[in-house]
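# A closer look at the structure
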Amino acid sequence: MMKSFDEVSALIKENRLLHIAGNTDLLKKLPQGNWVGGSTEYFMTEDGGLVSDTLLFVNEFTNGKFSIRDYGADNISQVTKDAYDSGYSIVIMPFDSDVCMEYARNASKFEGMFFKNIVGWVSGVNVKVLGNPEYPSIVVNGATGEVHTNKAVTMHLEVPESQTVSVNIINIFSPDENSPTIEFIQEGVVINTCLVDGKEMSFADFIRQQNIDTRLPLIGRCFGYGINVDIHSVEDNEVRLGAPVFTGIKYQRAKAIPNYEAALNAPLTKLKNAKTVFSCNCLSNFMHGGLEGKKLEALFGPVVFGEIAYQMLSQTLVYVTLE
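Now for a description of the structure that goes with this document. The written sequence of each chain sets the order in which its residues are numbered from 1. Given that the model is predicted, a residue must reach a pLDDT of at least 70 before its local features are reported, and side-chain atom pairs must reach 80 or more before they are shown or counted; all residues, however, enter totals for whole chains, interfaces and linings. Side-chain numbers come from the whole structure's heavy atoms, not from hydrogens or water.

### Focus on the sheet that holds strand β15 (residues 188-191)
Applied cut-off: Two strands make a pair as long as DSSP finds a minimum of two bridges between them. Runs of H or I in DSSP of at least four residues are treated as helices and runs of E of at least two as strands, each being numbered from the N terminus. Angles here are taken between N-to-C directions and fall from 0 to 180 degrees, while the axes themselves are lines fitted to C-alpha atoms, restricted in helices to the stretch in contact.
As summarised here, the arrangement of the 3 strands in space is β15-β21-β20, forming an open sheet in which the pairing is antiparallel. Each edge of the open sheet carries a strand with a single partner, namely β15 and β20 (231-235). Between one strand and the next, the sheet's axes are offset by a mean angle of 20°, whatever the strand orientation. In the sheet, β15 pairs with strand β21 (residues 238-245) via 3 bridges, with the strands oriented antiparallel. Pairing of Ile-191 across the sheet is with Val-239, part of β21.

Now the structure itself:
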């Protein structure tokens, strides 16, 4: 739910267990306590999509046992070992950071990854200042008060064994069967060249020549799942992506979505009464779907620069339910 700075500060002082998303300056001023947070100014609320630098989104947890940990690129693989066997962990990491790239590349190889419930998001800033070094994406360890631009902060939460944790993904996209196969010989979020049906060419030229709608992601097949990679910008001979692409994975264009808002809402109608304890939505969905001021049926939370459901994702909705 959305709350003012004073309201959130009061909750922290009452020793509430919180997950907080909001403007960088507000997060930095919050008192120390049992919370973790990340920067964003985009939200899906019960009243509709919202852009705000004065309000904070808060999830409050009633769990008893918890721990708050920081991780760098050198030890982010430890996150699964620190997670409770019965519970879930919320990981927040800054956009375009070393720890974010390490997680995106190697999370699927972390010991016990798919036996623990790991979710979370990538923090960002208002797109008007994106890329400005004076406005970095941050995460905050509320327990210590430390602000990080190149570390992840995680809240590990334990739940009773009588409860079942379910990590869920909503992906409204599917591969276009008429798309050529696209592969990459370089990894990362800034790409120059690609292989199209085995032929090397400029990725930017391919997008322009094919008149690809950059509101639609590329979809790669990984461990049997379709993993979205959203396209942020195409400039000259450079393409900037919202999530990294990798060698050895075959990608295709996504099918067109006639009505973005309707496609997002369709799977949400059955979730109105679900006991959702955490959710996040992708900034690309927010922007391309024109969601500011528009209501979704369910899943209210921060709008983010990348989603985590075990692996790093993009252009998806991620949520956790307890039953």
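### A few points about helix α1 (residues 5-13)
Heads up, the condition is: Only protein chains enter the accessibility calculation, which uses a 1.4 Å probe. A residue is then buried if its area is under 20% of the maximum for its type, exposed if over 50%, and partly exposed in between. Arc definition: directions from the helix axis to the C-beta atoms. Here a residue-residue contact requires only that any non-hydrogen atoms of the pair lie within 4.5 Å.
Among the residues of α1, Val-8, Ser-9, Leu-11 and Ile-12 are the ones counted as buried. Here the buried residues of α1 occupy an arc of 160° about the axis, which is enough to place them on one side. Facing away from the buried side of α1 by more than 90 degrees, the exposed set consists of Asp-6 and Lys-13. Looking at the buried residues of α1, the elements they touch are β1 (2-4), β2 (17-22), β3 (35-39) and β6 (55-61).

### Thoughts on the side chain of Ser-52
Selection criterion: Think of a polar contact as two N or O atoms within 3.5 Å of one another; within protein, one of them needs to be a possible hydrogen donor and the other a possible acceptor, and neighboring residues in sequence only count if both atoms come from side chains.
Note on placement: Ser-52 falls in the loop between β5 (48-51) and β6. Look at Ser-52 and you get buried, because its relative accessible area is 8%. A distance of 3.1 Å separates a polar side-chain atom of Ser-52 from the backbone nitrogen of Leu-55. Beyond its immediate chain neighbours, meaning those up to four positions away, Ser-52 contacts Glu-41 and Phe-43.

### Considering the pattern of salt bridges
Formally: The term salt bridge refers to a pairing of a side-chain nitrogen on Lys or Arg with a carboxyl oxygen on Asp or Glu at a separation within 4 Å.
According to the stated counting rule, one finds 13 salt bridges in the structure shown. Across the pair Glu-14 and Arg-16 runs a salt bridge, and its minimum N-O distance is 2.8 Å. One salt bridge in this structure joins Arg-69 and Asp-82, with 3.1 Å as the shortest N-O distance. Residue Arg-69 is found in strand β7 (residues 66-71), and its partner Asp-82 is found in helix α3 (residues 79-82); the two are separated by 13 residues along the sequence. Judged by relative accessible area, Arg-69 falls into the partly exposed class, the value being 36%. Each of Glu-14, Arg-16 and Glu-60 takes part in salt bridges that share partners, so that together they form one network.

### Some thoughts on the nonpolar core
To keep it simple, the criterion reads: Residues enter a nonpolar core if they are buried and are Ala, Val, Leu, Ile, Met, Phe, Trp, Tyr or Cys, with the set joined through side-chain atoms within 4.5 Å.
Among the nonpolar cores identified, the biggest contains 91 residues, and Ile-76, Tyr-88, Met-93, Tyr-103, Phe-184, Phe-203 and Tyr-251 are the most heavily contacted of them. Look past the residues within four positions of Phe-184 in its chain and what remains in contact with it is Ile-191, Thr-193, Cys-194, Phe-203, Leu-218, Val-245, Phe-246, Thr-247 and Tyr-251. Leu-18, Ile-20, Leu-26 and Trp-35 belong to the second-largest nonpolar core, a separate cluster that totals 13 residues.

### A look at the side chain of Asp-230
What counts is decided by this rule: Neither His nor the chain ends contribute to the count of charged residues, in which Lys and Arg are positive and Asp and Glu negative.
The topology assignment puts Asp-230 in the loop between β19 (225-229) and β20. Buried and unpaired, Asp-230 has no salt bridge, with Arg-240 as the nearest side chain of opposite charge at 11 Å. Polar side-chain contacts of Asp-230 include one of 2.4 Å to the side chain of Ser-284. Only 3.2 Å separates the side chain of Asp-230 from the side chain of Ser-314, close enough to count as a polar contact. Once residues within four sequence positions are removed from consideration, Asp-230 is found in contact with Pro-217, Leu-241, Gly-242, Ala-243, Cys-282, Ser-284, Ser-314 and Gln-315.

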